[in-house]
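# Overview (structure and organization)
Below are the chains, spelled out letter by letter.
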Amino acid sequence: MSLADAMAPELRDAVLGDARGPEAEARAGFYLAVIGAAPDRPGPEELALAGLVMRAWGRIPAEAVARRLPSLRVEAASRVRAAGAAGRGLRVGSGEVETGRVEPSHAGFFGLDVHRLRHRRFDGGMSPWLAREVFVVGDAVTVLPYDPLRDRVLLIEQMRMGPLGRGDPLPWQLEAIAGRIDPGETPEAAARREAVEEAGLVLGALEKVAEYYPTPGAVTEYLYSYVALCDLPDGVAGVFGAAEEAEDIKGHLLSFDRLVEVMAAGEIGNAPLLLTVLWLQRERRRLRG
């Protein structure tokens, strides 16, 4: 039995496309060199992953794609969640986008893809063919721990590459706890896992703040932001982080009033935390009972 014939039919379609004969076998061999073994009953995430892997066919060596497999799994899971996005309300865009071949331009921890596309315009005509670069980042979660009895929060601080690359003389950021959502993991479960990893905290009830694209012009990242009710006694703030990821994360325990002062002083410079603090200002009375 050929490599291609051994695959489940829906997986075969994702891997082979219209290829037949020797090309089909070569494509199947490339996929298996990256994945290791084909799933017997591929689900939506496995099928999305197959499509992402095969984008690199003929452009990037299988061993290079295999090194990115954890990131590609995160991206595949993000694509499955994206399929359940909010439907039409105020928006009147047609949803009609004609796409050409996606060209991977960079394949590191994150990816950079070049898309060729054209889309239906609001006047009914089609746009010209466009080339657009997209920075590929998987879905992530942010969570701000809040103690409603003590009326205090826990922020974390760490060095960030974005501010450093911009030339910020102090690229350490005050943030909510945050991290990527692993394949097969819910946003809520990711929030709880990251709270243990980055702050040593076990969270209580989670309150959804919002879900959103922070930079939709060129970045695929989609965030799920929460406030978590939890116990924040004196001494809970420490230094945490995963050693294997070279994380160096310091906690800051602040009263709500001090949090608002820090925000007003401009020291909070990232959108997820700003959005979450503004939400907490609105909902604080309810959360305190």
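Please read all numbers here as calculations on a predicted model, not as lab measurements.

## Considerations on unusual backbone geometry
- Residues other than glycine seldom take positive phi values, yet D151 does so here, at roughly 55°.
- Turning to its location among the elements, D151 is positioned in the loop between β5 (140–147) and β6 (152–159).

## Overview of the pairing of β5
- Counting buried residues in β5 gives eight out of eight residues, a clear majority hidden from the surface.
- Residues of β5 alternate between two faces, with A140, T142, L144 and Y146 on one and V141, V143, P145 and D147 on the opposite face, all of them buried.
- Summarising the sheet, β5 and strand β8 (residues 177–180) pair through four bridges and their orientation is antiparallel. Paired with A140 across the bridge in β8 is R180.
- Here β5 pairs with strand β10 (residues 223–229) via seven bridges, running parallel. Across the sheet, the residue bridging to T142 is S225, located in β10.

## Section: the packing of aromatic side chains
- The final tally for this structure, using the stated rule, is four aromatic pairs.
- For the pair Y213 and Y222, a centre-to-centre distance of 4.7 Å together with 70° between the ring planes defines the contact as edge-to-face.
- Classification of Y222 as buried rests on a relative accessible area of 17%.
- Centroid distance Y222 to Y224: 5.3 Å. Interplanar angle 80°. Geometry classified as edge-to-face.
- A relative accessible area of 9% places Y224 in the buried class.
- By way of ring pairs, the aromatic residues Y213, Y222 and Y224 are connected into one cluster.

## What to know about the pattern of salt bridges
- Applying the stated criterion to the full structure yields 23 salt bridges.
- For R120, the salt bridge identified is with E96, shortest N-O distance 2.9 Å. You can see R120 sitting in the loop between β3 (111–119) and β4 (130–136) and its partner E96 sitting in the loop between α5 (69–82) and β1 (97–99), a full 24 residues away along the chain.
- Residue E175 is joined to R160 by a salt bridge in which the shortest nitrogen-to-oxygen separation is 2.8 Å. Separated by 15 residues along the polypeptide, E175 in strand β7 (residues 172–175) and R160 in the loop between β6 and α6 (161–166) bring together distant segments of the chain.
- Relative accessible area serves as the criterion here: at 8%, E175 is assigned to the buried category.
- Where salt bridges share partners, they join D182, E185, R193, E194 and E197 into one cluster.

## So, the side chain of E75
- One can find E75 in helix α5.
- E75 has contacts with L52, R55 and V136, leaving out every residue within four places of it along the chain.

## Notes on helix α2 (residues 21–35)
- With 15 residues, α2 extends 21 Å between its outermost C-alpha atoms, agreeing within 8% with the 21 Å of an ideal straight helix rising 1.5 Å per residue.
- Those residues of α2 that sit buried are A24, R27, A28, F30, Y31, V34 and I35. Buried positions in α2, seen along its axis, are confined to an arc of 155° and lie on one side of it.
- Its buried side turned inward, α2 meets α1 (9–16), α3 (44–55), α4 (62–67) and α5.

## So, the packing of α1 against α3
- Running from amino to carboxyl end, α1 crosses α3 at an angle of 20°, the nearest separation of the two axes being 8 Å. Taken together, the axis directions place α1 and α3 in an arrangement best described as roughly parallel. When the axes of α1 and α3 are compared, the crossing they make is right-handed. Contacts from E10, L11, A14 and V15 in α1 reach L47, A50 and M54 in α3.
- Of the residues in the contact of α1 with α3, the class split is six nonpolar, no polar and one charged.

## Here's the deal with the environment of Y213
- Checked against the element boundaries, Y213 lands in the loop between β9 (206–212) and β10.
- Judged by its relative accessible area of 43%, Y213 is partly exposed.
- With 74 residues separating them in the primary sequence, Y213 and D139 have C-alpha atoms 9.4 Å apart.
- Setting aside residues up to four positions removed in sequence, Y213 forms contacts with T220, E221 and Y222.

The rules behind each value
Residues numbered from 1 in each chain as written. Predicted model: local features only at pLDDT ≥ 70, side-chain atom pairs only at ≥ 80, totals over all residues. Heavy atoms only, no water. Helix = DSSP H or I, 4+ residues; strand = E, 2+ residues; numbered from the N terminus. Buried < 20%, exposed > 50% of the residue type's maximum accessible area, 1.4 Å probe, protein only. Pairing = 2+ DSSP bridges. Phe/Tyr/Trp six-rings, centres within 6.5 Å; stacked < 30°, edge-to-face > 60°. Salt bridge = Lys/Arg side-chain N within 4 Å of Asp/Glu carboxyl O. Contact = heavy atoms within 4.5 Å. Expected span 1.5 Å × (residues − 1). Arc of directions from axis to C-beta. Axes fitted to C-alpha atoms, helices over the stretch in contact; angles between N-to-C directions. Parallel < 35°, antiparallel > 145°, perpendicular 65-115°, else oblique. Left-handed = near helix turned anticlockwise from the far one by under 90°. Nonpolar A, V, L, I, M, F, W, Y, C, P; charged D, E, K, R; others polar.

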